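One-letter residues, chain by chain:
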Amino acid sequence: FSSYNDDKKKEIYAYNGNTLVLGTDGIHGDSVTDIYAIGDYAFYGRDALSSLIIPYTVSRIGKYVVGNCQNLTRISVDKSNSVYDSRNYCNAVIESNTDKLILGCKNTIIPDDTKIIGEYAFADCKSLNGINIPASVKTIEANAFVGCTALETIYVNENNLSYDNRDNANAIIETASNKLILACNSTVIPSSVEVIASDAFSNTTLTSIVIPEGVKTIEANAFKNMTSLTSVSLPSTLESIDSTAFMGCDNLEQIIVNPANL
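This is a predicted model, so every value here is computed, not measured.

K.L.:
Is there a simple way to think about the pattern of salt bridges in this case?
P.N.:
If you walk through the whole model with that rule in mind, you get 9 salt bridges. For D99, the salt bridge goes to R87, with nearest N and O atoms at 2.7 Å. Pair noted here: D99 is in the loop between β10 (92–95) and β11 (100–104) and R87 is in the loop between β9 (84–85) and β10, with a separation of 12 residues, a long-range link. In this structure, the salt-bridge partner of R166 is D164, at a minimum N-O distance of 2.8 Å. The class for R166 is buried, based on a relative accessible area of 17%.

Okay, here's the thing in structure tokens:
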């Protein structure tokens, strides 16, 4: 449904997963210039959506706006918009004053001046198969890439001071804490990692996991819904593992714990 505020400016929201799209498969500034806000989940799961054009009037965009939109290939912001931009034809929405990427799609190229990748920015983008994190990124918020089940390659610029992809692990590791925060279907956990973060491996399709010596903590939902996972090997250094770490791993048959773990 849509609603109007006191100034008769339109908001777009979703209701029970059904989306008002004003008769089209996109928001186009030429036809709906009175839209000022796009609410949470507004276009979630709309496979027909291939192009999203944000009008100059929009000054607020919610979360999960284009989550699970598998055919979305183009995102752009009207150049007259004073709050958001799509700099360098990046196929994303950037919050201009914070350099925060808040909406992306499978064709997004994260700009070299991006400082923050926002919460749920790429949520449930199941057609995303690669990520390139530039040196400028200082913060990756929780669930930025949650549900990106097709990921095969992850690259972090070697000059990034906050995150790294050490040993070509195909992962994002928080450098200061040695915490692996995002994995993909080809990730190999480096021995220098100490923490497997919440949801790091969730929904990936790996069939076996060897957690190396050195890992001390496995956080909640770290391996959630890995339905292909059949075996796990845990190291002697492991000190804590959350009770939900392997929730939804319905085909897990074998768990091997290093006998030196006390």
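K.L.:
Just checking my understanding: could you explain the nonpolar core for this structure?
P.N.:
Side chains of nonpolar character tend, in soluble globular proteins, to be buried together. Ranked by internal contacts, the top residues of the largest apolar core, which has 25 residues, are L180, I196, F201, I209, I211, I218 and F223. Residues A92, L101, A121 and I133 belong to the second largest nonpolar core, which totals 24 residues.

K.L.:
Help me understand empty space enclosed by the protein, please; the structure alone is not making it clear to me.
P.N.:
Over the atoms a probe the size of a water molecule is rolled, and this reveals where empty space is left. As enumerated under the stated definition, the model contains 1 cavity of 30 Å³ or more in all. Computed from the structure, the largest cavity encloses a volume of approximately 40 Å³. Contributing to the lining of the largest cavity are Y64, V65, V66, G67, L103, G104, Y120, A121, F122, A123 and C125. For the lining of the largest cavity, the class distribution of residues is 9 nonpolar, 2 polar and no charged.

About the cut-offs
Sequence order as written defines residue numbering, which begins from 1 separately in each chain. Residue-level local features of this predicted model are given only where pLDDT is at least 70; pairs of side-chain atoms are given and counted only at 80 or more, and the full residue set underlies all totals for whole chains, interfaces and linings. Based on all heavy atoms of the structure, the side-chain values leave hydrogens and waters out of the count. Each salt bridge in this description consists of a side-chain nitrogen of Lys or Arg and a carboxyl oxygen of Asp or Glu lying within 4 Å of one another. Segments assigned H or I by DSSP are reported as helices when at least four residues long, segments assigned E as strands when at least two residues long, and all are numbered from the N terminus. Partly exposed residues are those whose accessible area sits between 20% and 50% of the maximum for their type, while under 20% is buried and over 50% is exposed, using a 1.4 Å probe and protein chains only. The definition of a nonpolar core used throughout is a set of buried Ala, Val, Leu, Ile, Met, Phe, Trp, Tyr and Cys residues joined through side-chain atoms within 4.5 Å. Points on a 1 Å grid, built from protein atoms alone, make a cavity when a 1.4 Å probe fits but cannot get out and make a pocket when they are open with protein on both sides within 12 Å along at least 5 of 7 lines; residues with an atom within 4 Å of a point are the lining residues. Grid points are joined across faces, edges and corners, and a volume is the space filled by probe spheres set on the points. Side-chain classes follow a simple rule in which Ala, Val, Leu, Ile, Met, Phe, Trp, Tyr, Cys and Pro form the nonpolar group, Asp, Glu, Lys and Arg form the charged group, and the remainder, Gly included, forms the polar group.

From the geometry alone we can't say anything about function, so treat these as descriptive.
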